[in-house]
Number of protein chains: 2
Amino acid sequence: MTTDYHCELAWLGGDAAVSDVVVRIDGDRIVDVDVGVAASPTAVTLQGLTVPGFANAHSHAFHRALRGRTHAGTGSFWTWREQMYAVAASLDPDRYQALARATFAEMALAGTSCVGEFHYLHHQAGGAPYDDPNAMGAAIVEAASEAGLRLTLLDTCYLHGGIGIDLDETQRRFTDGDVLSWATRTGGLGETPTVRVGAAIHSVRAVDPAAIEIVAAWAAERGTPLHAHVSEQPAENEQCRQAYGRSPTELLADHAALGERFTAVHATHLTDADVDLLGRHRCWCCLCPTTERDLADGIGPARHLRDAGARLTLGSDSHAVIDPLEEARAVELDERLASLIRGSHRAPDLLRTATEHGHASLGWPDAGRIEVGALADLTTVDLTSVRTAGADAETALGTVVFAATAADVRHVVVGGRVVVRDGAHTTIDVPAELAAAVRAVLP
Amino acid sequence: MTTDYHCELAWLGGDAAVSDVVVRIDGDRIVDVDVGVAASPTAVTLQGLTVPGFANAHSHAFHRALRGRTHAGTGSFWTWREQMYAVAASLDPDRYQALARATFAEMALAGTSCVGEFHYLHHQAGGAPYDDPNAMGAAIVEAASEAGLRLTLLDTCYLHGGIGIDLDETQRRFTDGDVLSWATRTGGLGETPTVRVGAAIHSVRAVDPAAIEIVAAWAAERGTPLHAHVSEQPAENEQCRQAYGRSPTELLADHAALGERFTAVHATHLTDADVDLLGRHRCWCCLCPTTERDLADGIGPARHLRDAGARLTLGSDSHAVIDPLEEARAVELDERLASLIRGSHRAPDLLRTATEHGHASLGWPDAGRIEVGALADLTTVDLTSVRTAGADAETALGTVVFAATAADVRHVVVGGRVVVRDGAHTTIDVPAELAAAVRAVLP
């Protein structure tokens, strides 16, 4: 059975929105896209601007519990990490699933159709495996399914507490002990039509060069995405240079991690040589602007990376806020703050970053576009809220990217399933579940 | 007749929210504040965190029509100004009133109780005065009143198209010809319990030193606020140095503009000497972070200014977005991006900036605090939305400042009058009026 959606305005990938677009969905796929047709009585009407679903390419779901809690007093990324570890220490599969389910549902309300969960909280406190060694990963898979999102589980290798530094008490939960044990455990994770498994190297701090090479080979063999935190903080660069005489990007390149399936998360403090490497290898660079603001990471070289050949994606990472539109415009706005130049990233470029690029970097090249054959993800943004009122067909893209917020998302279809209707999740009372799940994990 | 509001949580100026606060209002004033009392059956319940109303200390209401329209292609502050001038050219008192009324109502929905309108669109296209030479100012006064906001009309002196440069066609509407004519016209504006008149020097580009001195004297004589755009762009600094051998701040200091009633708007590109001057004179510095992002102005020295003795306020300026919470957190977040340090501005500092400071800088020292004798402004932010869920009494301030948005504002009382109830304006269909008013002024 097919369903027709009649979009008042839709973004089909060009420089402007298109009026009166009918999208026909059969199962989880788009099977027809007609432009300039009137609504039929049987079509579901989507008022506003409809875009492909957003891909959240970098998430640590459990960080949602920290929202509002890490802003008192002063500190750095590193003091923030202490607070984050305290929450991590309190999680078990049930609490993790409840928190991730509510967090993923908040993402759905913000128009997200797919999430890449950078997952390294594998084991029990102290480090012993659960009876099912993938119990935590399974909790995330179940959470995404219940929230209505597609998931790429980026199963993360985490071996060291720093370069040449032992794991601390909290970090023992993160490690499989050695890279082959990581590969063995990760190999036990199954895929479904809505779940893919990718690999992640936590960082050059937590994974040594020999292990980097093995994780990269594992991902290459399977053709899966490979993600890594790269140069989020100057201290990481200094430690890496001191230990290996090269930057994190250079180290990853030397050990065969870079390539078209590789995502460098953050990529904030890069040399020109790093930018050139990431560009030449056609890597993805996942910017997480609201987190990079929150953690005082700084402004990365987004335009420089793009001009070098890298492709940008977006993540809400620590979930200080969850708003793909705020992330998208922040790429341009923070670039303006650093360069004093407007218009490095245009509205359609930013939309593509938030949709097609993100999906492709997570291993879903057939999503993130409204076109025949693509996965049927539709996110509709209201153009009649106080924030967006005054928009017309010509200015809809600019208004949505630069002025709308997650609160303006009205309707979300993921793989043909209606997940958000009239601004409400179709199956989950999201604020209530968030409040309960956060309360349950606070130390 | 008095009204009691029972606040689940309220911010009374300290480092944390307080539970169960009853605020008694008589007319436009707070006459009692009781802490730790249960709700009486007759009290109006305010669920969430109640804070004093926000003051929007720098507004150009008509810029709201540009939202979503200036983001295509590349450009600078100066190319943006061309687009802004095109809208300015299309305004008359009726269209201005409709647009300002809808824009001010959008501010009310975002929790704003008072706006400082930096008003320089005085005359007819071409420059001839209206029959009532203050017809445009009167339109703004009426708009604020209908929207339910208090207003400080910052009547702006604008004489030149640049230092030593004649006015262009659009700018002729801005000028009174000479500073005495400005003073004469401005003197015809009346005040009411909800309207004050202040003075503004558009900038050192548009007002020569002799005129600066006269506007400053006019404001000093009346004890009114005096505002000026200061060093928003490097080009202004260069032009000022070239013409006068000193910075805009130094020029304003030399001509008696600085002091405790003076607000430097933007204050982005300052020397250490400028910061010292603004600090020593205890000036206000009105940051407009979302506009400064949008116009690629750069990141100003907010912490440095505060440490020097200046007091920070906030404005939404061009209304690229209208969200006092986004402005407030942007002060800290942009400081983090520039300094790579967290926690320069704590949540209560940012709330004070958004409330008490803004009101005082606009000539309302008896507003912006929830205390006996103050003007009765209350803004209540939902703590059970998807953005704020998980907050408790201890974390309410951090959550509201760093994660809530204008969409979470549920209830707004201005001077005792309920302006927003359950997220809706009590008298205006704001999105509909915005759409109509924007359409009416587009060139």
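About the criteria used
- Residues numbered from 1 in each chain as written.
- Chains lettered and ligands numbered in written order.
- Predicted model: local features only at pLDDT ≥ 70, side-chain atom pairs only at ≥ 80, totals over all residues.
- Heavy atoms only, no water.
- Helix = DSSP H or I, 4+ residues; strand = E, 2+ residues; numbered from the N terminus.
- Rg over C-alpha atoms; globule rule 2.2 N^0.38 Å.
- Buried < 20%, exposed > 50% of the residue type's maximum accessible area, 1.4 Å probe, protein only.
- Contact = heavy atoms within 4.5 Å.
- Areas by Shrake-Rupley, 256 points an atom, 1.4 Å probe, with all protein chains shown as cover.
- Lys, Arg positive; Asp, Glu negative; His and termini not counted.
- Charge placed at Lys NZ, Arg CZ, Asp CG, Glu CD.
- Domains from an automatic or database assignment.
- Buried area = accessible area lost by both parts, 1.4 Å probe.
- Salt bridge = Lys/Arg side-chain N within 4 Å of Asp/Glu carboxyl O.
- Polar contact = N/O pair within 3.5 Å; in protein donor to acceptor, adjacent residues only side chain to side chain.
- Nonpolar A, V, L, I, M, F, W, Y, C, P; charged D, E, K, R; others polar.
- Least-squares fit on C-alpha atoms with pLDDT ≥ 70 in both.
- 1 Å grid on protein atoms, 1.4 Å probe; cavity = no way out; pocket = protein on both sides within 12 Å on 5 of 7 lines; lining within 4 Å.
- Points joined across faces, edges and corners; volume = space filled by probe spheres on them.
- Pairing = 2+ DSSP bridges.
- Disulfide = S-S within 2.5 Å.
- Right-handed = clockwise from strand over helix to strand, strands pointing away.
- Axes fitted to C-alpha atoms, helices over the stretch in contact; angles between N-to-C directions.

### What to know about the overall build of chain A
What chain A contains, in helices and strands, is 14 helices and 16 strands. Over its C-alpha trace chain A gives a radius of gyration of 21 Å, about what one expects of a compact globule, namely 22 Å for 443 residues. Here the C-alpha coordinates of chain A stretch approximately 65 × 50 × 45 Å along the principal axes. Every one of the 443 residues in chain A was classed for burial, and the buried ones make up 64%. Of the contacts formed within chain A by residues at least 6 apart in sequence, a portion of 74% connects residues at least 24 apart. Of the roughly 13900 Å² that chain A leaves accessible, carbon and sulfur atoms contribute 50%. Distance from the positive charge centre (35 side chains) to the negative charge centre (59 side chains) of chain A: 1 Å.

### What to know about helix α8 (residues 272-280) of chain A
Residues and elements named next belong to chain A. Taken together, the buried positions of α8 are Asp274, Val275, Leu277, Leu278 and Gly279. Against the buried residues of α8 lie α7 (248-254), β10 (262-266), β11 (284-287) and α10 (302-308). Positive backbone phi, at 55°, marks Arg282, one or two positions downstream of α8.

### Examining the domain arrangement of chain A
Think of interface size as the accessible area that goes away when the parts come together; that is how it is often given. Residues and elements named next belong to chain A. Per the domain assignment, the segments making up chain A are domain 1 (2-52 + 374-425) and domain 2 (54-361). Using C-alpha coordinates to define each centre, domain 1 is positioned 29 Å away from domain 2. Together, the buried faces of domain 1 and domain 2 total about 2200 Å²; carbon and sulfur atoms form 64% of this surface. Ranking the residues of domain 1 by area buried against domain 2 places Trp11, Val401 and Phe402 at the top, with a combined share of 27%. Counting every contact that joins domain 1 to domain 2 gives 2 salt bridges. The salt bridge partner of Asp377 is Arg150, with a shortest N-O separation of 2.5 Å. Applying the counting criterion to the domain 1 and domain 2 interface returns 10 residue pairs in polar contact (both at pLDDT 80 or more). At the level of secondary structure, the elements contributing two or more residues to the side of domain 1 that touches domain 2 comprise α13 (396-403), β14 (409-414), β15 (417-421) and β16 (424-425). Looking at the side of domain 1 that touches domain 2, its residues break down into 17 nonpolar, 8 polar and 3 charged.

### Some points on the relation of the copies chain A and chain B
Each of the two chain copies can be brought onto the other by rotation about an axis and movement along it. Of the transformation placing chain A onto chain B, the axial shift is 0.0 Å and the rotation is 180°, giving an RMSD of 0.0 Å. Each copy turns onto its partner about a two-fold axis. Nearest to the rotation axis, the C-alpha of Ala407 of chain A is located 3.3 Å from it, this being the minimum over chain A. When you check the interface residues of chain A against chain B, 100% turn up at the interface there too, and the contact is symmetric in its surfaces.

### With respect to the layout of surface pockets
Taken as a whole, the largest pocket encloses approximately 730 Å³ of empty space. Lining the largest pocket are 38 residues; nearest its centre among them are Arg387, Ala407 and Arg410 of chain A together with Arg387 and Ala407 of chain B. Of all the elements in the fold, those that place two or more residues in the lining of the largest pocket are α2 (93-109), β14, β16 and α14 (430-441) of chain A together with α2 (93-109), β14 (409-414) and β16 (424-425) of chain B. Lining the second largest pocket are 24 residues, with Glu8, Gly48, Asp382, Leu383 and Thr384 of chain B sitting closest to its centre. Counting only elements with at least two residues in the lining of the second largest pocket, the list comes to α14 of chain A together with β1 (2-10), β4 (44-51) and β14 of chain B. Across the lining of the second largest pocket, the residue classes tally to 10 nonpolar, 7 polar and 7 charged.

### With respect to the pairing of β14 of chain B
All names here are of chain B. Counting buried residues along β14, 5 of its 6 residues qualify, which places the element largely inside the surrounding structure. Pairing geometry for strand β13 (residues 378-381) and β14, over 4 bridges, is antiparallel. Of the residues in β14, the one forming a bridge with Thr380 is His411. What sits between β14 and strand β15 (residues 417-421) in their antiparallel hairpin is a turn of 2 residues, with Gly415 showing a positive phi close to 55°.

### Re the state of the cysteines
Residue and element names in this part refer to chain A. Scanning all chains against the criterion turns up 0 disulfides over all chains. Just so you know, Cys240 is unpaired, no disulfide at all, and the nearest cysteine sulfur is the one on Cys283, 16 Å from it. The exposure class of Cys240 is buried, given its relative accessible area of 0%. No disulfide involves Cys283; its sulfur sits 6.5 Å from the nearest other cysteine sulfur, which is in Cys285. With a relative accessible area of 0%, Cys283 lands in the buried category.

### Topic: the side chain of Glu236 of chain A
Residues and elements named next belong to chain A. You can see Glu236 is positioned in helix α6 (residues 234-244). Among the residues examined, Glu236 registers a relative accessible area of 2% and is labelled buried. At 3.1 Å, the side chain of Glu236 and the side chain of Arg205 are in polar contact. Among the polar contacts made by the side chain of Glu236, one reaches the main-chain amide nitrogen of Ser231 at a distance of 2.7 Å. Apart from the residues within four sequence positions on either side, Glu236 is in contact with Ser203, Val204, Arg205, His229, Val230, Ser231 and Pro248.

### Topic: the environment of Leu9 of chain B
All names here are of chain B. Its place among the elements puts Leu9 in strand β1. Under the relative-accessibility criterion, Leu9 is labelled buried at 7%. Excluding residues within four positions of it along the chain, Leu9 makes contact with Ala17, Val18, Ser19, Gly48, Leu49, Thr50, Leu383, Asp392, Ala393 and Ala396.

### With respect to the pairing of strand β8 (residues 195-201) of chain A
Residues and elements named next belong to chain A. Within β8, 6 of the 7 residues are buried, which leaves the element mostly enclosed by the surrounding structure. In this sheet, β8 lies alongside strand β7 (residues 150-157) in parallel orientation, the contact comprising 7 bridges. Bridge pairing links Leu153 to Val197 in β8. A crossover links β7 with its parallel partner β8, the connecting element being helix α4 (residues 179-187), and its sense is right-handed. Across 3 bridges, the pairing between β8 and strand β9 (residues 226-230) is parallel. Bridging from a neighbouring strand, Ile201 pairs with Ala228 of β9. Once you follow β8 into helix α5 (residues 209-222) and on to β9, the crossover reads as right-handed.

### Some thoughts on the sheet that holds β8 of chain A
Strand pairing in a sheet relies on backbone hydrogen bonds. The paired strands run either parallel or antiparallel. All names here are of chain A. Taken together, 8 strands build an open sheet; the order of strands is β5-β6-β7-β8-β9-β10-β11-β12 and the sheet is parallel. With partners counted over all chains shown, the strands left at the sheet margins are β5 (54-59) and β12 (311-314), one partner each. Sheet twist, expressed as the average angle between the axes of neighbouring strands with direction ignored, equals 25°. Pairing analysis gives 4 bridges linking β11 to β12, with the strands arranged parallel. Paired with Cys285 across the strands is Leu312, a residue of β12. Relative to β7, α4 is tilted by about 160°, and along the sheet it contacts β7 and β8. The strands touched by helix α11 (residues 324-339) are β5, β6 (112-119), β11 and β12; relative to β12, the strand with the most contacts, the crossing angle is about 145°.

### Regarding the interface of chain A and chain B
Taken together, the contact between chain A and chain B spans 55 residues of the former and 55 residues of the latter. Ranking the residues of chain A by area buried against chain B places Leu337, Arg342 and Val386 of chain A at the top, with a combined share of 18%. In this structure, the connection of chain A to chain B is made through 6 salt bridges. Across the pair Asp294 of chain B and Arg336 of chain A runs a salt bridge, and its minimum N-O distance is 3.1 Å. Joining chain A to chain B, the criterion identifies 18 residue pairs in polar contact (both at pLDDT 80 or more). Here the side of chain A that touches chain B is built from residues that sort into 23 nonpolar, 17 polar and 15 charged.

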